[in-house]
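An overview of the molecular structure
Here is what each chain is made of, one letter per residue.
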Amino acid sequence: MTLNQDQLKQQVAEAAVEYIGQFFSTDAVIGVGTGSTADRFIDALAEHKDKFKGAVASSERTAKRLEEHGIKVFDLNEIDTMPVYVDGADEVNPKLQMIKGGGGALTREKIVASVAERFVCIVDDSKWVERLGSFNIPVEVIHMASNAVANRLESLGASEVIERADFITDNGHPILDAAGFQLEDAADLECLINQIPGVVTCGLFAVVPASVVLMASQDGVKTITV
Ligand code: 5RP
């Protein structure tokens, strides 16, 4: 039987809960990402909600889903450390560098991930790429700077930059989607984009890649590290 993408997302979500079981303790707060794969992870995590203290959410959407399951949601400012952050990605390469932000939660995702001791990236195999860049790079910007940032992104190599229609992040900002970068060095480009005045965050997660990728395919869920 061939599994469709939703079934693969479900499979990797369940594998992620099993994988992070090693970090469960009554003191542990889990960092939780955003997106359809993360939603399935939350649903599976809820079955173990008595084994950990609570969660930090990377978006309002995730906070709501966690709370609906009766999982306590902590403000990041209440937390000093988390053993693990679990989230999906739009693309991931063999160095475990990612493009994220298809769902627009990139800034809070990067913040919450940065506080966690490890990042467990959960994807189906359609997200695996040898080289990042087919997926447009999302860039959250301060509104007044969007035209200036778009021009700078083009001067850095983007072939086209489009402001995401009818979308404002949880932080109140628009997102630019930058297409056509030839990504030779994703970490270098992440730094260059982050230095443009007016950029809040870019969706390259390359300077700090995932610690481990769990990837679902027709052959099961693979655990990938470098
Ligand atoms: C949201 C993200 C998501 O992790 C990414 O878009 C993948 O989403 P999905 O699990 O729905 O395929 O970065 O900002």
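Residue numbers restart at each chain and count upward from 1, following the sequence in its written direction. Confidence filtering applies because this is a predicted model: local features only for residues at pLDDT of at least 70, side-chain atom pairs given and counted only at 80 or more, and all residues used for totals across whole chains, interfaces and linings. The side-chain numbers reported here are obtained from all heavy atoms of the structure, hydrogens and water having been left aside.

Our focus in this paragraph is the side chain of Asp 124. Comment: elements are numbered from the N terminus, with helices defined as DSSP H or I runs of at least four residues and strands as E runs of at least two. Position of Asp 124 relative to the elements: it lies in strand β6 (residues 119-124). Any residue under 20% of the maximum accessible area for its type is buried, any over 50% is exposed, and the rest in between are partly exposed; the area is computed with a 1.4 Å probe on protein chains only. His is not counted here, nor are the chain ends, while Lys and Arg score as positive and Asp and Glu score as negative. We define a salt bridge as a side-chain nitrogen of Lys or Arg found within 4 Å of a carboxyl oxygen belonging to Asp or Glu. Despite its burial, Asp 124 pairs with no opposite charge; the closest candidate is Lys 127, at 4.4 Å N-O.

Counting 30 residues, the largest nonpolar core has Ile 20, Val 32, Phe 41, Leu 45, Val 86, Val 120 and Ile 122 as the members making the most contacts within it. Mapped by element, the contributors of at least two residues to this core are α1 (5-20), β1 (29-32), α2 (36-45), β2 (54-57), α3 (60-68), β6 and β12 (212-217). Per-element accounting of this core gives the leading share, six residues, to α1. The contact definition used throughout considers only heavy atoms, calling two residues in contact when any of these lie within 4.5 Å. In this view, Ile 20 contacts Ile 30, Phe 41, Leu 45, Val 84, Val 86 and Val 120; residues no more than four positions away in its chain are not counted. We define a nonpolar core as any set of buried Ala, Val, Leu, Ile, Met, Phe, Trp, Tyr and Cys residues linked to one another through side-chain atoms lying within 4.5 Å. One finds Leu 132, Leu 176, Ala 186 and Ala 206 within the second-largest nonpolar core, a separate group that totals 24 residues.

Moving on: the packing of α1 against α2. Across the interface, α1 lies against α2 with an axial gap of 8 Å and an inter-helix angle of 50°. The orientation of α1 relative to α2 falls into the category oblique. When you trace α1 past α2, the crossing you get is right-handed. Along the contact surface, α1 presents Asp 6, Lys 9, Gln 10, Val 12, Ala 13, Glu 14, Ala 16, Val 17 and Ile 20, while α2 presents Ser 36, Thr 37, Arg 40, Phe 41, Ala 44 and Leu 45. For the contact of α1 with α2, the class distribution of residues is eight nonpolar, three polar and four charged. Here an angle of 0 to 180 degrees is reported between the N-to-C directions of two axes, which are lines fitted to C-alpha atoms, with helices fitted over the stretch in contact. Any angle that is under 35 degrees is reported as roughly parallel, and any over 145 degrees as roughly antiparallel; angles of 65 to 115 degrees are reported as roughly perpendicular and all others as oblique. Working rule for handedness: look at the near helix, and if it is turned counterclockwise from the far one by less than a right angle, call the crossing left-handed; if clockwise, right-handed. Under the scheme applied here, ten amino acids are nonpolar (Ala, Val, Leu, Ile, Met, Phe, Trp, Tyr, Cys and Pro), four are charged (Asp, Glu, Lys and Arg), and all others, including Gly, are polar.

Looking now at the site of the ligand. The nearness test applies per residue and asks whether one of its heavy atoms lies within 4 Å of the molecule or strand. Taken together, 17 residues sit near the ligand, with Ser 36, Thr 37, Asp 90, Gly 101 and Lys 127 positioned nearest. For this analysis, a polar contact is any N or O atom pair within 3.5 Å, provided that within protein one partner can donate a hydrogen and the other can accept it, and provided that sequence-adjacent residues contribute only side-chain to side-chain pairs. Ser 36 places a polar side-chain atom, nitrogen or oxygen, 2.5 Å from an oxygen atom of the ligand. In the model, an oxygen atom of the ligand is placed 2.6 Å from a nitrogen or oxygen of the Asp 90 side chain. For the ligand, the protein covers 91% of the area, taking 380 Å² as the surface of the free molecule. Of the residues assigned to the shell around the ligand, the class counts are two nonpolar, nine polar and six charged. We get accessible surface area from the Shrake-Rupley algorithm with a probe of 1.4 Å; when it comes to residues, only the shown protein chains can shield them.

A few words on the packing of aromatic side chains. For Phe, Tyr and Trp, rings pair up if their centres lie within 6.5 Å, where Trp contributes its six-membered ring, and each pair is then called stacked (planes under 30 degrees apart), edge-to-face (over 60) or tilted (otherwise). Following the criterion strictly, the structure yields three aromatic pairs and no others. Look at Phe 24 and Phe 52: their rings are 5.4 Å apart centre to centre, the planes differ by 20°, and that puts the pair in the stacked class. Linking Phe 24 in the loop between α1 and β1 with Phe 52 in the loop between α2 and β2, this pair joins segments that are 28 residues apart in sequence. Grouping residues by exposure puts Phe 24 and Phe 52 together as buried. With centroids separated by 6.5 Å and ring planes inclined at 90°, the aromatic side chains of Phe 119 and Phe 205 adopt a geometry described as edge-to-face. Taken as a pair, Phe 119 in strand β6 and Phe 205 in strand β11 (residues 204-205) lie far apart in primary sequence, 86 residues in all. Its relative accessible area of 3% is what places Phe 205 among the buried residues. An aromatic cluster of three or more residues is present, and its members are Tyr 85, Phe 119 and Phe 205. We call a charge positioned over a ring when the NZ of a Lys or the CZ of an Arg lies within 6 Å of the ring centre and within 35 degrees of the ring normal. Taking NZ or CZ as reference, Lys 72 lies 4.9 Å from the ring centre of Phe 74, over its face. In this structure, Lys 100 packs its charged tip against the face of Phe 205, placed 5.7 Å from the ring centre.

We now examine the sheet that holds strand β5 (residues 98-99). Backbone hydrogen bonds hold the strands of a sheet together, and the pairing may be parallel or antiparallel. Pairing between two strands requires that DSSP report at least two bridges joining them. Across the sheet, three strands lie side by side as β4-β5-β11; this open sheet has antiparallel pairing. Each edge of the open sheet is held by one strand with a lone partner, namely β4 (91-92) and β11. One ladder, built from two bridges, connects β5 with β11; its direction is antiparallel. Counted as the bridge partner of Met 98 is Phe 205 from β11.

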